[in-house]
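What the coordinates show
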Amino acid sequence: PVILSNPSATRGALILREGDDLRIESIMTPSDSQPEVYTNESMTDEFVATSIVNRTTRTRSDTLVLSCSTDQTYSSDTFFKTHPEVKCAMATPILYQNKVRGAIYLENTEMTGVFTAERARLLSTIISVSIHNAQFFTQLTNSYARFLPKAFLELLGRKNVLDVQQGDNVTHYCCVSFLDIRN
């Protein structure tokens, strides 16, 4: 996963806002082929350092903890006391159209000081572009769907309109009967 590899994270979490609550959508490590997906899981200190994520979403700015064991603000955090293996952590807000949509939480269990403000900006850029691309793709697919019925795609053996290539065709035999009732 790009988000985990760029900032040298050993674990990351996607946290999204649902109404006034923050909910964990997924947690992933770089070795995972698929993230652990959570459905409507409340954000608690069991999974992430909630104080860092809450500060990030409240201030709309990155929160970097270079050394979890010595940081004056966060060393007494419940998460870091129950997870002493975490050496450093960071959270960056997910901002879209000037609103906080959630946060990305990252941690490193191997060394301190791996997260920097520059890496946080890079992560914010990746997130913003990803959200924009996902929304654009959704709009594009919805626009195509208005002109190309789902039943037609099924006849072509395609799941998505973007899978249709020029020249795609199928042959089906059908019987059509007409009855002309006049006079």
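Residues numbered from 1 in each chain as written. Predicted model: local features only at pLDDT ≥ 70, side-chain atom pairs only at ≥ 80, totals over all residues. Heavy atoms only, no water.

Of all the positions in helix H2 (residues 50-59), only Thr50, Ile52, Val53, Thr56 and Thr57 are classed as buried. Buried residues of H2, seen end-on, are gathered within an arc of 165° and therefore sit on one face of the element. Residues of H2 that are buried sit in contact with strand S1 (11-18), strand S2 (21-28), strand S4 (63-65), helix H3 (78-82), strand S5 (88-96) and strand S6 (99-108). Immediately downstream of H2, the backbone of Arg60 shows phi near 60°, a positive value. (Buried < 20%, exposed > 50% of the residue type's maximum accessible area, 1.4 Å probe, protein only. Helix = DSSP H or I, 4+ residues; strand = E, 2+ residues; numbered from the N terminus. Arc of directions from axis to C-beta. Contact = heavy atoms within 4.5 Å.)

Inspection of the entire model under this criterion finds 4 salt bridges. The residue Glu107 makes a salt bridge to Arg11 at a minimum N-O spacing of 3.2 Å. You can see Glu107 sitting in strand S6 and its partner Arg11 sitting in strand S1, a full 96 residues away along the chain. A salt bridge links Asp21 to Arg23; its shortest N-O distance comes to 3.6 Å. Residue Arg23 is classed as buried on the basis of its relative accessible area, which comes to 15%. (Salt bridge = Lys/Arg side-chain N within 4 Å of Asp/Glu carboxyl O.)

Further remarks concern the pairing of S5. Of all 9 residues in S5, 8 are buried, a share of seventy percent or more. Pairing of S4 with S5 involves 3 bridges; the strand directions are antiparallel. Bridge assignment links Leu64 to a residue of S5, and that residue is Met90. Pairing of S5 with S6 involves 9 bridges; the strand directions are antiparallel. Considered in S6, the bridge of Tyr96 is made with Lys99. The antiparallel pairing of S5 with S6 creates a hairpin that spans 2 residues between the two strands, and Gln97 there sits at a positive phi of about 50°. (Pairing = 2+ DSSP bridges.)

All right, on to the nonpolar core then. Here is a general trend for soluble globular proteins: nonpolar side chains tend to be buried in one another's company. Ile15, Met43, Val48, Ile52, Val53, Phe80 and Tyr105 are the most contacted members of the largest nonpolar core, which has 21 residues in total. At the level of secondary structure, the elements contributing two or more residues to this core comprise S1, S2, H2, H3, S5 and S6. Residue contributions to this core peak at 3 residues, all from S2. Excluding anything up to four places from it in sequence, Phe80 contacts Ala49, Ile52, Cys68, Tyr74, Val86, Ala89 and Tyr105. In terms of nonpolar packing, the next biggest core, distinct from the first, is built from 11 residues, Ala9, Cys88, Leu106 and Phe115 among them. (Core = buried A, V, L, I, M, F, W, Y, C linked by side-chain atoms within 4.5 Å.)

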